[in-house]
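This is what each chain is made of:
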Amino acid sequence: MKTNIDLNSFSLREYIPYLMNVKAIAGLVLIGYALYSAITDVPAKWQNYSVKSSSNNELVKNKNQLSGEETKLKLISKELDKFSTKILEVKPGNAPQLEAIKTAQKVIALSESSKNYYMGLEPGPSNVLNISSAVTLPIQVPGASASAGSPSKSSGSGSGETSTSTTDLNSFQYTLSLRGSYINLAKFIHNLVKLPDFIIINTINLTQAKETSKDIPNPDAKNADKPDIDMKLNFSVPWK
Amino acid sequence: MSKVKANNICLNIFSSLSHLELLQYDVLKGQFLKVDSVEIMFDPATRDFLEDASHFKSAVLKLYQRNKIPTRIPATLVVPSFFTREYEVPETVEGEDIATILISEAERFYVFKKIDPAIGYINLKDNRLLYTAYPKGPLELIQQYLTELKIPLISIDCNYTAIVRGLVAMGVVQEEITNQVKWGLIIINDYNVFLAVVEGNLIEKIRESPLPLQNMEENALLAEVKGDFKEFFGYEILTRMVIVNNSFKVYSPLLVEMLEFQGPTDIFDQNQRTLNSLGAQEGPFPCSLEAAGGALVHVLPQVPALELFDTNKIQVFVDEERQNLIAYSLIGLGVLLFVMQFALGFLLSYLTDTETAQGARLQNDINSTLSSLAIVPEVKRKLFVKNGILQNYKINNLMIEMHRTLPPDAWLTEVSLKSSPDFKNLDLAIKGGSLSPDSLNAYVKELNKEVGTPALVPSVFPKQADNKQRYFEFSLTNATLPGGRP
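In this text the structure is predicted, and so the values were computed from the model without any measurement.

Engineer: It is not clear to me how the overall build of chain B should be interpreted in this structure. Could you clarify?
Structural biologist: When its secondary structure is counted, chain B shows eleven helices and 17 strands. Taking as baseline every contact in chain B between residues at least 6 positions apart, the subset at least 24 positions apart corresponds to 62%. Entry remark: accessible area of chain B is about 22200 Å², with carbon and sulfur atoms responsible for 53%.

This is the structure:
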């Protein structure tokens, strides 16, 4: 037997009187308030917590990475301390060029002590030695700029290396002209690299001394003590 | 909106005025779920309760409890006709005036001289009405008891229209409804006989004849029914005759024989021997047609009820126990949700605070570590110095090796050493001469041990001096810088 029954509407109608009392309305209000609070408050708090949590996870990663890099860096620094050579330190009020000249004069004195004929010292321009492009650290320092020739990761802290200018060194270039035997000149170079002052040898050009040049050089010349070689030594004296 | 539920309850005061019948009917499945009855005696003349009136209340409660039916389910009541007639209403009368007129009309009759009638009516054709009048007092008492039992009453129908509805619902007159043809209905009760011509599912005309209250011989009764039959149906063309016999006073087959109706005849003997609801063990019918029609009063609006109930008084009773259960459940759920969201919010706030503190600690640690990383520029500077020194050593070693490994018959004329600013390359160019080329290979090999990569590449050119001495000019270079190669 078919009927035209709307069960849903009738059921709802039947239950309405059960909801029309103070206690039921209070319950409904409580449910509504709880749901409203749950919908508005809890997601916001969850979002806040989620952001903090993921941020902390990132910080933990950065911290671990930094700790590792710090350890490596300290080891490297300790290892490098074995090189006792010092960079020229220019005291406040002193002219850097004058300080550099003193080092250059040590070089001249050294050349003369090696029985080389000193011909002249020609000051060149001052320049900046770009350490950043020359040095590659075997570590990736978070927060450092991409100066070490290797990609660096950001820690998000914004700290680390502050500027390349603190890394680079200023220097004066000199061209020293000498004359002497090959052996004496080699001895001079040998003594030069042992100097406690940091001097960078840029170029060395050796040519036969003009007055001793000949079509067929004497094969024994390498053992001769006479000055038959001109040398132009180009070097830099860095300071910080 | 429909007032129908999936389960409809009908309380039927059986026409013998001796039983209150109950039916729970599943409308969707078309199943009789529960049928039952209790004995209650009514006064045929006044329809008052013959016993203590409160007995009705306890009897109804007993019916509901015995059949485990919740009292909140809406119910319909079917009462046996007390006084049912046709009435031709003036065209000018409408609405509530009709009820007033019908009450006045009923009160004209002797039976309502001392009692007030409740009126239910339906429209027939040609401005005629079919109305039923029932004693108002007993009806209100029944309603009051049902109200006290919190049984929501949604309709009070007369048994005649309920029977027609029951016949329609059971499909007995399906063909007549489909073809919209006339069929006859005879309802025999202990106290009256009802005759009706029905067209399709709508009553066209009726006659209700009271029967004497005292015992009457069956033959005389049959003769009276036959007389009414002949007079009422006359020359009506009827395709079917349905006889509903609710009385033991008349033997239905004998009645059929006497009526001499030529068409198909359906007989429904409704009594304690045929109705399961009235106690028959395996009767042919689960319940009376009145009860079935009453349960379907809102399902089959095609057969309108002689509605004795003021539908404006429909009440939805609230079960207090259930109401409290729902209310406390709602409050409990609300409290639970509130506590949960509060606890969750508190937990999240606590976790956020913990994370914030941890974040601050981590940031401090990182800042502390970063401060130690400030030595990076210094380390770079140291590394630069180291590389510079190593480059100087390399130049020194090359100067030594160039001289130490120079073959005895060879000499140098030019040497050029050039370091790149980043110390990564050292360009070397050597020029000289030799009396024999063979020794140069060993010389280059020795030098390359010190030079590394890129290695020196020799170029040798035979020459002749002014004194006719043959010798070889050579050039060794690993130039990587522009212009390095001679």
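Text resumes after the structure shown.
Engineer: Please clarify how the interface of chain B and chain A should be interpreted in this entry.
Structural biologist: The accessible area lost on association of the parts is a frequent measure of interface size. Contact with chain B, which involves 97 residues of that partner, is made by 94 residues of chain A. Taking both sides of the interface into account, the surface hidden between chain B and chain A amounts to around 8800 Å²; carbon and sulfur atoms contribute 70%. Joining chain B to chain A, the criterion identifies two salt bridges. Put simply, Asp365(B) and Lys63(A) hold a salt bridge, and the shortest N to O gap is 3.2 Å. Our enumeration of links across chain B and chain A arrives at 16 residue pairs in polar contact (both at pLDDT 80 or more).

Engineer: Would you mind going over the packing of aromatic side chains with me for this structure?
Structural biologist: In this description, an aromatic ring pair is defined by two values, namely the gap between the centres and the angle between the planes. All names here are of chain B. Per the stated rule, a full pass over the model turns up 22 aromatic pairs over all chains. Taken together, a centroid distance of 4.9 Å and an interplanar angle of 75 degrees make the contact between Phe 232 and Phe 233 edge-to-face. Per residue, the accessibility class of Phe 232 equals that of Phe 233, and both read buried. Taken together, the ring pairs in this structure connect Phe 82, Phe 83, Phe 109, Phe 112, Tyr 131 and Tyr 134 into an aromatic cluster.

Engineer: Can you help me understand a nonpolar patch on the surface in this one?
Structural biologist: Judged by side-chain polarity, Phe342(B), Leu344(B), Phe346(B), Leu347(B) and Tyr350(B) come together as a nonpolar surface patch covering roughly 560 Å² of accessible area. Note on placement: Leu344(B) falls in helix H9 (residues 320–372).

Engineer: Explain the nonpolar core to me, please; I cannot follow it from the model alone.
Structural biologist: The tendency in soluble globular proteins is for nonpolar side chains to be buried as a group. Grouped together as the largest cluster of nonpolar side chains are 49 residues, with contacts concentrated most on Phe188(A), Leu233(A), Met402(B) and Leu417(B). Broken down by element, this core gets its largest block of residues, seven residues, from helix H5 (residues 182–193) of chain A. In this structure Phe188(A) touches Val107(A), Leu110(A), Ser111(A), Ser114(A), Asn116(A), Leu176(A), Leu178(A), Met231(A) and Leu233(A), once residues within four positions along its chain are discounted. Membership of the second largest hydrophobic core comes to 46 residues, among which are Leu17(B), Ala59(B), Phe82(B) and Ala106(B).

Engineer: Would you explain the sheet that holds strand E1 (residues 117–129) of chain A in this entry?
Structural biologist: Strand pairing in a sheet takes place through backbone hydrogen bonds and is either antiparallel or parallel in direction. One open sheet accounts for eight strands, arranged E1(A)-E2(A)-E4(A)-E3(A)-E14(B)-E15(B)-E17(B)-E16(B); its pairing is antiparallel. Taken across any chain shown, the strands that pair with only one partner, and hence form the sheet edges, are E1 of chain A together with strand E16 (457–464) of chain B. Direction aside, the axes of adjacent strands within the sheet are offset by 15 degrees on average. Taken together, the eight bridges between strand E3 (residues 200–208) of chain A and strand E4 (residues 229–239) of chain A define a ladder with antiparallel strand orientation. Residue Thr203(A) lies in a different strand from E4(A), and its bridge partner there is Asn234(A). In the packing of H5(A) onto the sheet, contacts are made with strand E2 (169–180), E3 and E4 of chain A together with strand E14 (410–419) of chain B, and the angle to E4(A) comes to roughly 10 degrees.

Engineer: Sorry, what's going on with the layout of surface pockets here?
Structural biologist: All names here are of chain B. Considering only enclosed or pocket space, the largest pocket measures out at about 500 Å³ in volume. Ala 118, Ile 119, Leu 308, Phe 309 and Asp 310 are the residues nearest the centre of the largest pocket, which is lined by 16 residues in total. Listing elements by their share of the lining of the largest pocket, those giving two or more residues are helix H2 (96–107), strand E6 (117–123) and helix H3 (136–148). Broken down by element, the residue count for the lining of the largest pocket peaks at five residues, all from E6. Taken together, the residues of the lining of the largest pocket sort by class into nine nonpolar, two polar and five charged.

Engineer: Honestly, the pattern of salt bridges in this entry has me stumped. Any pointers?
Structural biologist: Opposite charge on two side chains makes pairing possible when the charged atoms of those side chains draw close. Under the counting rule described, the total for this entry stands at 27 salt bridges over all chains. Two residues, Asp81(A) and Lys382(B), come together in a salt bridge whose shortest N-O distance is 2.5 Å. Of the two residues, Asp81(A) is situated in the loop between helix H2 (22–80) and helix H3 (96–113) and Lys382(B) in helix H10 (residues 376–404); the pairing between them involves two chains. Judged by relative accessible area, which is 47%, Asp81(A) ranks as partly exposed. A single network of salt bridges, built from pairs that share partners, joins Lys125(B), Lys182(B), Glu199(B), Glu204(B), Lys205(B) and Glu236(B).

Engineer: What is the right way to read the pairing of strand E17 (residues 470–477) of chain B from this model?
Structural biologist: Along a regular strand, successive side chains alternate from one face of the sheet to the other. All names here are of chain B. With respect to burial, E17 is a largely interior element, six of its eight residues being buried. Summarising the sheet, strand E15 (residues 426–434) and E17 pair through six bridges and their orientation is antiparallel. Counted as the bridge partner of Gly 432 is Phe 474 from E17. Bridge analysis of E16 against E17 gives eight bridges, and the strand direction is antiparallel. Bridge pairing in E17 links Pro 458 to Leu 476. Hairpin connection between E16 and E17: a loop of five residues separates the two successive antiparallel strands, and Lys 468 in this loop has a positive phi of roughly 70 degrees.

Engineer: In this structure, what is going on with the environment of Lys136(B)? I would like to understand it.
Structural biologist: All names here are of chain B. Counting through the fold element by element, Lys 136 comes out in helix H3. Residue Lys 136 is classed as partly exposed on the basis of its relative accessible area, which comes to 36%. In the structure, Lys 136 is positioned 172 residues away from Leu 308 in sequence and 9.4 Å away in space, judged by C-alpha atoms.

Engineer: Sorry, what's going on with the sheet that holds strand E2 (residues 19–26) of chain B here?
Structural biologist: All names here are of chain B. Sheet architecture is open: five strands sit in the order E3-E2-E1-E4-E8, paired in mixed fashion. A strand with exactly one partner marks an edge of an open sheet, and here the two such strands are strand E3 (31–39) and strand E8 (153–158). Within this sheet the neighbouring strands show an average axis-to-axis angle of 20 degrees, counted without direction. Alignment of strand E1 (residues 7–13) against strand E4 (residues 75–79), held across four bridges, turns out to be parallel. Paired with Asn 12 across the two strands is Val 78, which belongs to E4.

Engineer: It is not clear to me how the packing of helix H6 (residues 218–233) of chain B against helix H7 (residues 252–259) of chain B should be interpreted in this structure. Could you clarify?
Structural biologist: For any two helices packed against each other, one specifies the crossing angle of their axes together with the interaxial distance. Residues and elements named next belong to chain B. Here H6 crosses H7 at 45 degrees, and the two axes come no closer than 10 Å. One way to sum up the angle between H6 and H7 is to call them oblique. By crossing handedness, the relation of H6 to H7 is classed as right-handed. Across the interface between the two elements, Glu 218, Leu 222, Ala 223, Val 225, Lys 226, Phe 229 and Lys 230 from H6 touch Leu 254, Leu 255, Met 258 and Leu 259 from H7. The class makeup of the residues in the contact of H6 with H7 is eight nonpolar, no polar and three charged.

Cut-off values and rules
Residues numbered from 1 in each chain as written. Chains lettered and ligands numbered in written order. Predicted model: local features only at pLDDT ≥ 70, side-chain atom pairs only at ≥ 80, totals over all residues. Heavy atoms only, no water. Helix = DSSP H or I, 4+ residues; strand = E, 2+ residues; numbered from the N terminus. Contact = heavy atoms within 4.5 Å. Areas by Shrake-Rupley, 256 points an atom, 1.4 Å probe, with all protein chains shown as cover. Buried area = accessible area lost by both parts, 1.4 Å probe. Salt bridge = Lys/Arg side-chain N within 4 Å of Asp/Glu carboxyl O. Polar contact = N/O pair within 3.5 Å; in protein donor to acceptor, adjacent residues only side chain to side chain. Phe/Tyr/Trp six-rings, centres within 6.5 Å; stacked < 30°, edge-to-face > 60°. Buried < 20%, exposed > 50% of the residue type's maximum accessible area, 1.4 Å probe, protein only. Patch = residues over 30% accessible without salt bridge, like charges linked within 9 Å, V, L, I, M, F, W, Y side chains within 5 Å. Core = buried A, V, L, I, M, F, W, Y, C linked by side-chain atoms within 4.5 Å. Pairing = 2+ DSSP bridges. Axes fitted to C-alpha atoms, helices over the stretch in contact; angles between N-to-C directions. 1 Å grid on protein atoms, 1.4 Å probe; cavity = no way out; pocket = protein on both sides within 12 Å on 5 of 7 lines; lining within 4 Å. Points joined across faces, edges and corners; volume = space filled by probe spheres on them. Nonpolar A, V, L, I, M, F, W, Y, C, P; charged D, E, K, R; others polar. Parallel < 35°, antiparallel > 145°, perpendicular 65-115°, else oblique. Left-handed = near helix turned anticlockwise from the far one by under 90°.

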